[in-house]
Structure formats: C-alpha cells, structure tokens
Amino acid sequence: MEIGVGLPTTVPDKSGPELAEWARRAEQHGFASLGVLDRLVYDNYESLVSLAAAAAVTERIRLSTTILIAGYRGGAALLAKQAATLDAISGGRLVLGVAAGGRADDYTATGADYEGRGAGLDRLLRELQEIWAGEGPNGAVGPRPAGSGGIPLLVGGHSARGMRRAAAFGTGWIAGGNSVTAYAELVRRAKAAWTAAGRTERPRMVSLVYACLGPDAGRVAGSYLREYYSFVGPKAERTASGVLVDAGALRETAQAYADAGCDELILLPCTADLKQVELLAAAAL
C-alpha cells in the first residue's frame, strides 16, 4: 500500500510559503502523493490552485484532489481545461478525485443546484471524459491530458449510487475518512459495483485518515477538526476524537487499511507545522 500526505490547505495556520515547502519535503521524504480537501464557503486555499503551486516545486509526487466538489464549479469545459492544464504542467501527475459533496452553502454560493448534485455530477464526469478525448460539442477545448488514457478519476461516495458512479466513470473509488473497521465492507461493495458494471480492470482503492503527531497533537487536531466539521453537529466530535495522535497507532492503522484492501492511504494533516512532514514520514513510511 502506498502512503500519501495531504497539503495543509484547510488548517488555521496555513501560509503560502509553507505550502510550497511542505510539498517539497513530502516528495523528499518519499510520500506517494499530495492530497487536497475542497470547500468553497470556508477560509481554505482553492484545491487546483494549491496543487499547481505544489507542481511547480516538485517533480515526482502525484497530485490528487481528495476530493474535489466538482458539481458547484459550473460547466465541464472550464474544469476540463483547468485540470488538463495542471496535468500538463505537472508532467501527467494529476489524479482527479471527485464527489457530490454535502455542503449546500458551497452550491448556493455559485448558484449551482444542490438537490440535483448527483445527476449533475454524472453529466459533468461524462462531459469531462469527452472533452479530454477531443469529442463532443466542446471537444476543441484543450489541452489534452498528458496520458493517453486521460486524467485518472477517483470517485467518492459511500452510497450505492456513488459506487455505481465510480464504476461508470472512475479508475477507482475513494473513501472519505471513515473508520478502518468499516473500510473492508465498503471496498467489497465498491468492487461489487465495479463487477456489476462489467468492468474487468482492477479498481484503485483509496482512503483518507487524519493524523497529527508530536507534543500537544490532540489539542491542535481537536480544535481544528471540531471547527472544520462544525456543520455536521455532534459528528464533529467523533471526527476529532478519531484523529491519530500516536506513531504506533498510525502504523497499526495503516496496516489495517492495507489488510482491508486499500491501495493508497492519504494522511490528512491538522496543522501546517513543517515538522509534521518528518513525523508522519517516520511513522508511516
């Protein structure tokens, strides 16, 4: 199983210079990928712009949206161009993770349809693939993705519909911060949807987990996560209490994900402190 690390784009102590240095150090320490969370109505850095900054200071590490709430971004043509440009600039390192999202305010802010977000995402993904292949009414939109197969798509969502969407459009499926005890069953369901759709290639299974190491890790992580997930009410406390704050627990959890069928586990940070890169790498790689 590969281990990736998140870019600290949503944490309170983020800064532009530290973001770039975080990306450099993540590559130097051997992480497989850099992931980004996505929100609009929040004090975070925009996902694709952040990955473009990381692309400029790295050469090998994959760049992943984990996930991008694609449905509030309007039509497919602009997003197709933005993603393909980032893919080209990075030398074909982009993996586009997408999901419908669960924040109505993100959709309201752009005038997008929140209630119809599932069907809208299906249409958007279909159009993205057409554009990247040079097909359809917007097929002239360039550039073409660096790889001949287009940009890899990871599709999130724990519902049956979300898993069918992954099987219809994705190269794999991504889980959003669920517990490792539930992950094996989710992988089984995702693969079953893949088989039912007639897909014969093996889907890539990815998951996210929050981790924060070092002195005062519990307080730092808890403060951030309770605020970030305040919109889900009491569930925010469950997320805050589930963060991995011990190196041994992190290693055990990573092994449990591997045993459950995970191909890549991305460690989401709770602070932009650059020491976290070294601490997380020492524990997980």
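Whatever comes next refers back to the structure up there.
Throughout what follows, the structure given in this document is the object of discussion. (Residues numbered from 1 in each chain as written. Predicted model: local features only at pLDDT ≥ 70, side-chain atom pairs only at ≥ 80, totals over all residues. Heavy atoms only, no water.)

## Topic: the overall build of the protein chain
(1) Moving on: The helix and strand tally for the protein chain stands at 11 helices and eight strands.
(2) Moving on: Relative to the 2.2 N^0.38 estimate, which gives 19 Å for 285 residues, the radius of gyration of the protein chain is 18 Å and therefore close to what a compact globule would have.
(3) Moving on: Overall size of the protein chain, expressed as C-alpha extent along the three principal axes, is 55 × 40 × 35 Å.
(4) Moving on: Of all intrachain contacts in the protein chain linking residues separated by at least 6 positions in sequence, the fraction that spans at least 24 positions is 75%.
(5) Moving on: Counting every atom, the protein chain has about 12,000 Å² of accessible surface; 54% of that belongs to carbon and sulfur.
(6) Moving on: Distance between charge centroids for the protein chain: 4 Å, based on 29 positive and 30 negative side chains. (Helix = DSSP H or I, 4+ residues; strand = E, 2+ residues; numbered from the N terminus. Rg over C-alpha atoms; globule rule 2.2 N^0.38 Å. Contact = heavy atoms within 4.5 Å. Areas by Shrake-Rupley, 256 points an atom, 1.4 Å probe, with all protein chains shown as cover. Lys, Arg positive; Asp, Glu negative; His and termini not counted. Charge placed at Lys NZ, Arg CZ, Asp CG, Glu CD.)

## Points about the packing of helix α6 (residues 160–169) against helix α7 (residues 180–196)
Two packed helices can be described by the angle between their axes and the distance between those axes.
(1) Moving on: At a closest axis distance of 8 Å, the pairing of α6 and α7 adopts a crossing angle of 55 degrees. It follows from the interaxial angle that α6 and α7 lie oblique. As α6 packs across α7, the resulting crossing turns out to be right-handed. Contacts between α6 and α7 involve Ala160, Met163, Arg164, Ala166 and Ala167 on the former and, on the latter, Leu186, Arg189, Ala190, Ala193 and Trp194. (Axes fitted to C-alpha atoms, helices over the stretch in contact; angles between N-to-C directions. Parallel < 35°, antiparallel > 145°, perpendicular 65-115°, else oblique. Left-handed = near helix turned anticlockwise from the far one by under 90°.)

## Re the nonpolar core
(1) Moving on: Ranked by size, the top nonpolar core spans 65 residues in total, and within it Phe31, Leu34 and Leu96 carry the most contacts.
(2) Moving on: Ignoring any residue separated from it by four or fewer positions in sequence, one finds Phe31 in contact with Ile3, Gly4, Val5, Ala26, Arg60, Ile61, Leu267, Val277, Leu280, Ala281 and Leu285.
(3) Moving on: Core analysis: the next-biggest nonpolar cluster, separate from the first, contains 28 residues, Ala217, Ala221, Tyr229 and Ala240 among them. (Core = buried A, V, L, I, M, F, W, Y, C linked by side-chain atoms within 4.5 Å. Buried < 20%, exposed > 50% of the residue type's maximum accessible area, 1.4 Å probe, protein only.)

## Considering the packing of aromatic side chains
(1) Moving on: As enumerated under the stated definition, the model contains nine aromatic pairs in all.
(2) Moving on: A centroid spacing of 5.0 Å and a plane angle of 90 degrees characterise the contact between Tyr42 and Tyr228, whose relative ring orientation is edge-to-face. Separated by 186 residues along the polypeptide, Tyr42 in the loop between β2 (33–36) and α2 (47–56) and Tyr228 in helix α8 (residues 217–228) bring together distant segments of the chain.
(3) Moving on: Given the relative accessible area of 21%, Tyr42 is considered partly exposed.
(4) Moving on: Taking 6.2 Å as the distance between ring centres and 85 degrees as the angle between the ring planes, the aromatic pair formed by Tyr72 and Tyr107 counts as edge-to-face. (Phe/Tyr/Trp six-rings, centres within 6.5 Å; stacked < 30°, edge-to-face > 60°.)

Take it as geometry only, folks, not as evidence of what the structure does.
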